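Architecture and fold: a report
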Amino acid sequence: MYDAIESSTMGLPPEHRDDRERWINRLASDGWNLIATVDDEVIGHVAVVPADAADPEFVIFVRPDFRNRGIGSELLEHVVAHADDRDHNELNLNVSTDRTRAIAVYEKIGFSVTNVNRIDIEMRLQLEESLVTAVRRPPAARD
């Protein structure tokens, strides 16, 4: 999947294959991960690190030819539900300031901006019971 991503955002995923493999191995060993597949091919990936933190950070990627189909939003909803199951209190992320569509999706879920600088925006989501209950519903039953 990461070979299909031609440009990185804030240096992720790493450009060189060896660096990407080390990065993925670190995500697997230090965190927990969810993937979306089609016909046994990975088309989306979310990693949450560190796994034992109350307020971990996460990254999310969708293969370019599968973007704008709601896959990222659905992965995000699953991350929220799994984070609650793992007793995290909140989720944090950094997103490039030019990723306006992604920022809108994060805000729709309930993320709030905690810091803005020239390159990126830091966002936080408090895992409240009402939000977790909503994302556990089937997609058609969500607001």
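What counts, and at which threshold
- Residues numbered from 1 in each chain as written.
- Predicted model: local features only at pLDDT ≥ 70, side-chain atom pairs only at ≥ 80, totals over all residues.
- Heavy atoms only, no water.
- Phe/Tyr/Trp six-rings, centres within 6.5 Å; stacked < 30°, edge-to-face > 60°.
- Helix = DSSP H or I, 4+ residues; strand = E, 2+ residues; numbered from the N terminus.
- Buried < 20%, exposed > 50% of the residue type's maximum accessible area, 1.4 Å probe, protein only.
- Expected span 1.5 Å × (residues − 1).
- Arc of directions from axis to C-beta.
- Contact = heavy atoms within 4.5 Å.

- As named in an unreviewed UniProt entry, the protein chain is N-acetyltransferase GCN5, taken from Haloterrigena salina JCM 13891.

**Here's the deal with the packing of aromatic side chains**
- All chains considered together, the criterion is met by 4 aromatic pairs.
- Arranged with centres 5.8 Å apart and planes meeting at 85°, the rings of W23 and F61 form a pair that is edge-to-face. Taken together, the residues W23 in helix 1 (residues 17-30) and F61 in strand 3 (residues 57-62) connect sequence positions 38 residues apart.
- Look at F58 and F111: their rings are 5.9 Å apart centre to centre, the planes differ by 50°, and that puts the pair in the tilted class. Note that F58 is positioned in strand 3 and F111 in the loop between helix 3 (100-109) and strand 5 (112-116), a separation of 53 residues in sequence. Accessibility assignment for this pair places F58 and F111 in one class, buried.
- Within the aromatic cluster, the residues linked to one another by ring pairs are F58, Y106 and F111.

**A short note on helix 1**
- Between its terminal C-alpha atoms helix 1 stretches 20 Å, which fits the 20 Å expected from 14 residues at 1.5 Å a residue.
- Taken residue by residue, helix 1 has R20, W23 and L27 as its buried positions. One side of helix 1 carries all its buried residues, which in axial view fall inside an arc of 65°. Residues D18, R22, N25 and S29 are exposed on helix 1 and point more than 90 degrees away from its buried face.
- In this fold, the buried residues of helix 1 make contact with strand 1 (32-38), strand 2 (41-49) and strand 3.

**What about unusual backbone geometry?**
- Note that the residue after L12, namely P13, is joined by a cis bond; omega there is -10°.
- With an omega dihedral of -15°, the bond running from V49 to P50 counts as a cis peptide bond.
- One can find P50 in the loop between strand 2 and strand 3.
- Positive phi, close to 65°, is recorded for N68, a residue that is not glycine.
- Of note, N68 is situated in the loop between strand 3 and helix 2 (71-85).
- Accessibility expressed as a relative area gives 60% for N68, which makes it exposed.
- The phi torsion at D87 lies on the positive side, around 65°, for a residue other than glycine.
- In this fold, D87 is placed in the loop between helix 2 and strand 4 (90-96).
- Using a relative accessible area of 63% as the deciding quantity, one classes D87 as exposed.

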